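Coordinate analysis (summary)
One letter stands for each residue in the lines below.
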Amino acid sequence: MHRAIEDHLEDYLAGGANAAPPEFHSHLESCGECRATLTALSEQSRAIRGLRVEYEPTAGFYSRVIGRIDDQYKASIWNLFLESAFGRRLAVASLALAIMMGTYIVTTEPNSEVASVASLSGNSELAPAPTLGANPHQDAVFVNLVTYEQ
């Protein structure tokens, strides 16, 4: 099939002879090969259109499909937490509790010097000496752990 026919073939098959430009028709008159191919394609197009079935679903078809999908949907325990107002409230309450606990820990921790990395590695010249606080027993354990050498 030649280029002049290929460029306008779909227009011709969809809309008939009036949809194609004049050069399309002039090429068909002069080329027997393209004319035979176009005749075969036109017959196939008519046969395929004849097979098309106009089917309209019955009333309520879509609602029945959606209903079946909803029936097959298995509810999980996680849906209670993820898709409900209870789940959102639980998440907000958990977040508020975490913020309050964090604030409590930060504000009630005593101000004490933290041993540097040098003291943990055994270099006591660079590390400040640990100080004893209100509870000498806990501080003594801490000092023993920091100054431990093998």
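Residues numbered from 1 in each chain as written. Predicted model: local features only at pLDDT ≥ 70, side-chain atom pairs only at ≥ 80, totals over all residues. Heavy atoms only, no water.

Of note, Glu43 is situated in helix α4 (residues 32-51). Taking the C-alpha atoms as reference points, Glu43 and Leu13, separated by 30 residues in sequence, lie 9.9 Å from one another. (Helix = DSSP H or I, 4+ residues; strand = E, 2+ residues; numbered from the N terminus.)

Let us look at the packing of aromatic side chains. In this structure the tally under the stated criterion is 1 aromatic pair. Centroid distance Phe61 to Tyr62: 5.3 Å. Interplanar angle 75 degrees. Geometry classified as edge-to-face. Assessed through its relative accessible area of 35%, Phe61 is described here as partly exposed. Looking at Tyr62, the relative accessible area reads 59%, which means it is exposed. (Phe/Tyr/Trp six-rings, centres within 6.5 Å; stacked < 30°, edge-to-face > 60°. Buried < 20%, exposed > 50% of the residue type's maximum accessible area, 1.4 Å probe, protein only.)

Right, let's get into the nonpolar core. With 9 residues, the main nonpolar core is built from Ile5, Leu9, Tyr12, Ala20, Phe24, Leu28, Cys31, Cys34 and Leu38. When residues of this core are traced back to their parent elements, those giving at least two are α2 (9-15), α3 (22-30) and α4. (Core = buried A, V, L, I, M, F, W, Y, C linked by side-chain atoms within 4.5 Å.)

Our next topic: helix α5 (residues 61-72). In a regular helix each residue adds 1.5 Å, so 12 residues correspond to 16 Å; α5 covers 17 Å between its end C-alpha atoms and thus fits that length. Counting buried positions over the 12 residues of α5 gives 0, only a small fraction of the element. (Expected span 1.5 Å × (residues − 1).)

Examined against the element boundaries, Ser42 turns out to sit in helix α4. Residue classification places Ser42 among the buried residues on the basis of a relative accessible area of 13%. Leave out the neighbours within four places in its chain, and Ser42 touches Tyr12 and Leu13. (Contact = heavy atoms within 4.5 Å.)

A few words on a nonpolar patch on the surface. A contiguous nonpolar surface patch, about 740 Å² in accessible area, is contributed by Ile77, Trp78, Leu80, Phe81, Leu82, Phe86 and Leu90. It is helix α6 (residues 77-82) that contributes the most residues to the nonpolar patch, 5 residues altogether. Secondary-structure assignment places Ile77 in helix α6. (Patch = residues over 30% accessible without salt bridge, like charges linked within 9 Å, V, L, I, M, F, W, Y side chains within 5 Å. Areas by Shrake-Rupley, 256 points an atom, 1.4 Å probe, with all protein chains shown as cover. Salt bridge = Lys/Arg side-chain N within 4 Å of Asp/Glu carboxyl O.)

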